[in-house]
Protein chains: 2
Amino acid sequence: MGNLDICTLFSIFSGVVGLGIALILYLAIKRKSPGSPLMIEISEAIHSGAMVFLKREYIYISVFVTVVFIVLWQLFTIYTALAFLTGATCSMLAGFIGMKGSTRSSVRTTQAAIEGGTPLALSLALRGGAIMGLSVASLGLAGLGLFFFFTKSPLIINGFAMGASSVALFARVGGGIYTKSADVGADLVGKVEAGIPEDDPRNPGVIADNVGDNVGDTAGMGADLFESYVGSVVASMAIGATFSSALAYMSLPLLLITVGLIASIIGVFSIEWLKRLSPQSALRNATYISQALFLLGSFIIIKLLVNNINIFWSVVFGILSGILIGLESEYFTSGPPIKRIARSAQQGSAPSLITGLAVGFESTILPLLTLGAAIFLSYKFSGLYGIALSAVGMLGTIGIVMSTDSYGPIADNAGGIAEMSEADPKIRKITDKLDSLGNTTAAIGKGFAIGSAALTALALFSAYQKTARLTSINLTDVNTVVGLLLGALMPFAISYMTLSAVGRASNEMVKEIRRQFKEIKGLLEGKAKPDSDRCIDIVTRNALKEMILPGVSAVVTPLLVGFLLGAEALGGFLAGATATGVLLGIFMANAGAAWDNAKKWIEEGNLGGKGTPTHAASVIGDTVGDPLKDTAGPSMNILIKLMAVVALVFAPLIMH
Amino acid sequence: MGNLDICTLFSIFSGVVGLGIALILYLAIKRKSPGSPLMIEISEAIHSGAMVFLKREYIYISVFVTVVFIVLWQLFTIYTALAFLTGATCSMLAGFIGMKGSTRSSVRTTQAAIEGGTPLALSLALRGGAIMGLSVASLGLAGLGLFFFFTKSPLIINGFAMGASSVALFARVGGGIYTKSADVGADLVGKVEAGIPEDDPRNPGVIADNVGDNVGDTAGMGADLFESYVGSVVASMAIGATFSSALAYMSLPLLLITVGLIASIIGVFSIEWLKRLSPQSALRNATYISQALFLLGSFIIIKLLVNNINIFWSVVFGILSGILIGLESEYFTSGPPIKRIARSAQQGSAPSLITGLAVGFESTILPLLTLGAAIFLSYKFSGLYGIALSAVGMLGTIGIVMSTDSYGPIADNAGGIAEMSEADPKIRKITDKLDSLGNTTAAIGKGFAIGSAALTALALFSAYQKTARLTSINLTDVNTVVGLLLGALMPFAISYMTLSAVGRASNEMVKEIRRQFKEIKGLLEGKAKPDSDRCIDIVTRNALKEMILPGVSAVVTPLLVGFLLGAEALGGFLAGATATGVLLGIFMANAGAAWDNAKKWIEEGNLGGKGTPTHAASVIGDTVGDPLKDTAGPSMNILIKLMAVVALVFAPLIMH
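**Q** Could you give an account of the overall build of chain A, naming the residues involved and the relevant values?
**A** The number of helices and strands found in chain A is 17 helices and 0 strands. For 656 residues, the compact-globule estimate of 2.2 N^0.38 gives 26 Å, and the C-alpha radius of gyration of chain A, at 23 Å, lies within 12% of that figure. Based on the C-alpha atoms only, the size of chain A along its principal axes is roughly 75 × 55 × 45 Å. In chain A, which comprises 656 residues, the share counted as buried stands at 69%. Counting contacts in chain A only where the partners sit at least 6 residues apart, residues at least 24 apart contribute 86% of the total.

**Q** Can you explain the interface of chain A and chain B? Please cite residues and give values.
**A** The partner chain B presents 58 residues to the 58 residues of chain A that form the contact. Within the residue set of the side of chain A that touches chain B, elements represented by two or more residues are helix 4 (154–194), helix 10 (349–362), helix 11 (365–395), helix 14 (478–519), helix 16 (567–603) and helix 17 (613–654) of chain A. When residues in the side of chain A that touches chain B are grouped by element, the largest group, 15 residues, is from helix 14 of chain A. Residue composition of the side of chain A that touches chain B, by class: 37 nonpolar, 20 polar and 1 charged.

**Q** Explain the confidence of the model for chain A to me, using residue names and the numbers behind them.
**A** Residues and elements named next belong to chain A. Of all residues in chain A, 100% have pLDDT values of 70 or greater, and the mean over the chain is 92. Least confident of the elements in chain A is helix 13 (residues 425–467), whose mean pLDDT is 88; most confident is helix 11, at 96. Across the whole predicted complex the pTM is 0.94, and at the interface the ipTM reaches 0.94.

**Q** Which residues make up the relation of the copies chain A and chain B, and what are the values?
**A** One copy of the chain maps onto the other through a rotation about an axis followed by a shift along the same axis. For the pair chain A and chain B, the relating rotation is 180°, the translation along its axis is 0.0 Å, and the fit reaches an RMSD of 0.0 Å. Overall, the copies show the geometry of a two-fold rotation axis. Residue asparagine 474 of chain A of chain A places its C-alpha closer to the rotation axis than any other residue of that unit, at 2.3 Å. The share of interface residues of chain A whose copies in chain B are also at the interface is 100%, consistent with both copies meeting through the same surface.

**Q** Residues and numbers for helix 11 of chain A, please.
**A** All names here are of chain A. Compared with the 45 Å implied by 1.5 Å per residue over 31 residues, the 22 Å span of helix 11 between its first and last C-alpha is markedly short. The largest bend in helix 11 comes to about 135°, at serine 382. Among the 31 residues that make up helix 11, 23 are buried, leaving the element largely enclosed by the rest of the structure.

**Q** Which residues make up helix 14 of chain A, and what values do they have?
**A** Residues and elements named next belong to chain A. For helix 14, which comprises 42 residues, the first-to-last C-alpha distance of 61 Å matches the rise-based estimate of 62 Å (1.5 Å per residue) to within 8%. In helix 14, a bend of some 30° at methionine 490 exceeds every other bend along the element, and proline 491, a proline, comes one to four places later. The element helix 14 is largely enclosed, with a buried count of 33 among its 42 residues.

**Q** How would you explain the packing of helix 17 of chain A against helix 10 (residues 349–362) of chain B if you had to name every residue and give the values?
**A** Contact geometry of helix 17 of chain A with helix 10 of chain B gives a least axis separation of 9 Å together with a crossing angle of 35°. With respect to the hand of their crossing, helix 17 of chain A and helix 10 of chain B are arranged in right-handed fashion. Counting all contacts with helix 17 of chain A, which are made through Ile620, Thr623, Val624 and Pro627 of chain A, the residues of helix 10 of chain B involved are Ser349, Ala350, Leu353 and Ile354 of chain B. Classifying every residue of the contact of helix 17 of chain A with helix 10 of chain B by side-chain character gives 6 nonpolar, 2 polar and no charged.

**Q** Explain the packing of helix 3 (residues 78–151) of chain A against helix 5 (residues 206–240) of chain A residue by residue, including any values.
**A** All names here are of chain A. Viewed as axis vectors pointing N to C, helix 3 and helix 5 meet at an angle of 40°, and their least axial separation amounts to 11 Å. Classified by the interaxial angle, the pair formed by helix 3 and helix 5 is oblique. Mapping the contact onto sequence places Gly87, Ser91, Ala94, Gly95, Gly98, Met99, Ser102, Thr103, Met132, Val136, Gly140 and Leu144 in helix 3 and Asn214, Thr218, Ala219, Gly222, Ala223, Leu225, Phe226, Tyr229, Val230 and Val233 in helix 5.

**Q** Provide a residue-level description of unusual backbone geometry, including the pertinent values.
**A** Residue and element names in this part refer to chain A. With phi around 55°, lysine 152 is a residue other than glycine that occupies positive phi space. Considering the arrangement of structural elements, one finds lysine 152 in the loop between helix 3 and helix 4. Residue class for lysine 152 comes out partly exposed when judged on the 18 C-beta atoms lying within 10 Å of it. Its identity is not glycine, yet leucine 607 carries a phi of approximately 50°, on the positive side. Locating leucine 607 in the fold gives a position in the loop between helix 16 and helix 17.

**Q** Please set out the environment of methionine 394 of chain B residue by residue, giving values where relevant.
**A** Residue and element names in this part refer to chain B. Topologically, methionine 394 is positioned in helix 11 (residues 365–395). The class for methionine 394 is buried, based on 31 C-beta atoms found within 10 Å. Distance in space between the C-alpha atoms of methionine 394 and tyrosine 229 is 8.9 Å, their sequence separation being 165 residues. In this structure methionine 394 touches Gly318, Ile319, Ser321, Gly322, Ser452 and Leu455, once residues within four positions along its chain are discounted.

**Q** Describe the environment of valine 561 of chain A, naming the residues involved and giving the relevant values.
**A** Structurally, the position occupied by valine 561 of chain A is in helix 15 (residues 532–565). Ignoring anything within four residues of it in the chain, the contact list for valine 561 of chain A reads Gly483, Leu486, Ala569, Leu570 and Phe573 of chain A.

**Q** Got a sec to walk through the environment of arginine 469 of chain A? Specific residues and values, please.
**A** Residues and elements named next belong to chain A. Here arginine 469 is to be found in the loop between helix 13 and helix 14. On the neighbour-count criterion, arginine 469 (11 C-beta atoms within 10 Å) is exposed. Taking C-alpha positions, arginine 469 is 27 Å from isoleucine 302, a pair spaced 167 residues apart along the chain.

Rules and cut-offs
Residues numbered from 1 in each chain as written. Chains lettered and ligands numbered in written order. Predicted model: local features only at pLDDT ≥ 70, side-chain atom pairs only at ≥ 80, totals over all residues. Helix = DSSP H or I, 4+ residues; strand = E, 2+ residues; numbered from the N terminus. Rg over C-alpha atoms; globule rule 2.2 N^0.38 Å. Buried ≥ 20, exposed ≤ 12 C-beta atoms within 10 Å, placed from the backbone. Contact = placed C-beta atoms within 7 Å. Nonpolar A, V, L, I, M, F, W, Y, C, P; charged D, E, K, R; others polar. pLDDT = per-residue confidence, 0-100. Least-squares fit on C-alpha atoms with pLDDT ≥ 70 in both. Expected span 1.5 Å × (residues − 1). Bend = angle between axes of the 7 residues up to and from the residue. Axes fitted to C-alpha atoms, helices over the stretch in contact; angles between N-to-C directions. Left-handed = near helix turned anticlockwise from the far one by under 90°. Parallel < 35°, antiparallel > 145°, perpendicular 65-115°, else oblique.

Following this line, the structure appears as structure tokens:
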């Protein structure tokens, strides 16, 4: 057994340890008090709603995974098929563990706020988030390590990424449709028609809405970042495999993310200490600590393993561009632009909508320039491999990034539970504060998710070129141009599908909530209970039904282009899809978040605060932005990666 | 003098005759009665407002044109610079004549409705539109013919297209900002705050609003289609110049558009006869007649000149895809999708906005597939030359297409004048009917404008490849990928600039109208007159100021990419820009028009009609859509063509 094999075993071992820590965190949190009987009842409803959705979603996905498993087995080998199955399973497992962690943590965060105030609640919520964060990082690392140890074949390991991508697609799209249908449905009837506040227990849709937060922001985001993480490593391996000292260059990304996982674990536990310095910036500082450690470790490993400092620079560009894109999206979704939107709301909803669209367009400029600079520099320093490694650099510390991301919905849900269980208003104040701490990391996280998706897609695109042995993807050939146009069209087509899906599914929800308010006597007076389960059932069924068309289109279209128009045309297709996908993704995510935060800024008492026409105008922007930022926008992340992975896996067949 | 020279002289002669017919139409219309003194006063205000804008706009453009003239002279030859100057002048002249025609025709259309009812008013309005339509086609033909006759050099004639493009940019962007700032400003204060109806003479912004219709829909659209028309011919010539029998292939596009002009003139006069058969579809049938004649003539010319039937097929694909894209955009902006938007408005403005966005996304699918099929087939039949000739085919009958397009704003303005001059309501009914006849052609026209812009941009992209002698635009090279990303970003960046510009300019307008309502005593009671000139001045100044940044960016960015990253990267840049530009252009134009027509459908009495919350919700969608469909969307058409033309002109310098 060579040194590299021992290193790989160490990577797998680290993954297992990381997963162990996640489980210990979970068990420790489960032992905390879940509060009063009412709180337990509410949290059980959310927990079981989330689990019902997840289980049914996984059944749908299993059908798809089985079909693809057989196809891959027949077209390639059983090993590729097995890698695919394992990738899909790891992603689902991470989602399952993370979701359990989130739903168990939120009620205990409310209780911790009651028992120990902000500091206790903060660290509980963050540990809850770390269950997801560490599961994602550890399962990815262990799974990749295992297949690398036994096969050393990128053609097999690519299957692992395709498994991760397939699950991500359905989780993001299905989850996105779920969360927004529930949200829009509950708000339209509850807040607007019945005039009861948000998170009011009389609203039959409110549990579904809270379930949606977990389904979209936790499970969806987890699967998304898991896909990027795995994709960036797989792309590096596929390119590294074409080098003369292939094994070292294939091992490198695996070792880098091993260091990243260790750095993330240190980051998670550093919060205990950081929160005493400044609770405001504890989450962010923990991320910076992890990234600094990761950078240091990367330098040492690259020096020892391949002794090529140019490659280290590519990693640095990846880390830096990840941080920059996060900050850029923070600026546009919580900086001066949201005040611009709020001020134009003083003239009515239409001006604030137009301003929001303009802000969305504007917010694409800096991230695209950042991405362009990152791939340009990474390439100049170390070629296509450099592009892939910059993606690994960006995603290496996924453990801590995902932990702070998952923290958000836990804090949000904790607030919802406080409201529904009619807790002391001062408890709601604490949870609101926790929630607002999470808003910044959420903005950064969403920007990061798109940025990393783009870089991963470009890395996979590079890997596809190498695997299909393309020396040229020539835009003077009409097939490539047609491929490019079709690729560019895909994000628009998928946005259409997901937005219409939200419209249809929320319509069903609206009908049901209206029916309950009408038919259940005493519901509005608080004397009878709503039938939350029926709402959950309706929105689950619709979300899952609606995710099939966009899901299947995303898998089938690149294959059609590849087999009908050729390998070069498929290259053009991927380039077109990545370019428009990133732009549209950033546009929708940031416009949506900016409208949301403009409304929140007004609600803080600015420009007259709640109850003014300005506030009412800003609410419309927020509602319009919701499906953009939580359904269609995030779907872009998956779309561009999945299509690139499908191309990568099928490259050996398409090139013939 | 060879046969081809005689043919060219015939083309120039046809252009001069066409222009003569346009002038005769103008003089004939000017001799008609402009109606009552009040009508004359109003129409004079609109006329002089439009002329003030046009003159000031042309002064701004002249500065730009002078600078570029000197640059081209120094870098190339005086002939390229002169071609540029002539192209710019022809475009401005067409805009000037067309605008005179429109503003003179609209008041006489109102009067014709009073004197002779629908038939008389219809033919007057259409003849008014034909002034613009025939000017555009004739000036383009004569100008191109002249430079071809004397130089035979595509490197010089390319300058003509760049001149046309530069004017188009400023006319479309400046005009688009003008028309929407005036519209939004007048509506926000007049309709919403003061509660007076649209086109009410007490509103200080109403004349500016009516001026805006001419500035945007007539002058802007004219410059846009002029650019496509010229661009498609120039692209064909540049590619044809690389063939062995170059002269024949360079003459062909010129002869084709000569036939197209003759066919258009016949189409214009056939309306007299067609309107007796069915006034509803007279405009559309006239277009079909012209296209059929054009097809027949093309077949004969291609047979005689190059005897290559494959090339004829490329022309056919161009004509067919133009018709298809028009019909597709008609479906999405007046078919079942608008009812879907209207129905979701029953649940409030946010759902109708989301549905509208979904319709916008959906509406990109068919046109993109149509375009993809057109270039694929054209290329398979006759290579890059085929792509360029399909654009010529699409644009050959621009004379009749532009005539029916210009008809719309004339009918619209005629209605406004009827309203403002407090004419008999039954006159308004006639003008409303004329207006609705124009709505369909307007929807088709807008789709056609984008489709032809895309095909022209692809043709210019092909010509760029040939001129820069690129055998490859390789997406496995990072420079090309970065170029592609930057290109894809441009449409998003320009959309940001134009949308923000409308926001700022309409704000200035709102302030001024509010001031007048407050400070001018007796204005609301109709006892005092508003200061319309001041409003026109403010919106003119702001629109012109705001068009500079997007205009200069569009010219400078492709040069930066070309000189810094190289000729291949510039190729990637153009491909990326064209793909996202077309998609975003279609999305914005169709979403905007669909919201507009959903509102109109409700106003016809559906779903409760005017005064209901459903109607109020639909008004918000309409207002949001306005700057999308009339400012940012149309800017995309110009952007993609202009950047391709700039690349084409500078190709000889960039390739070194």
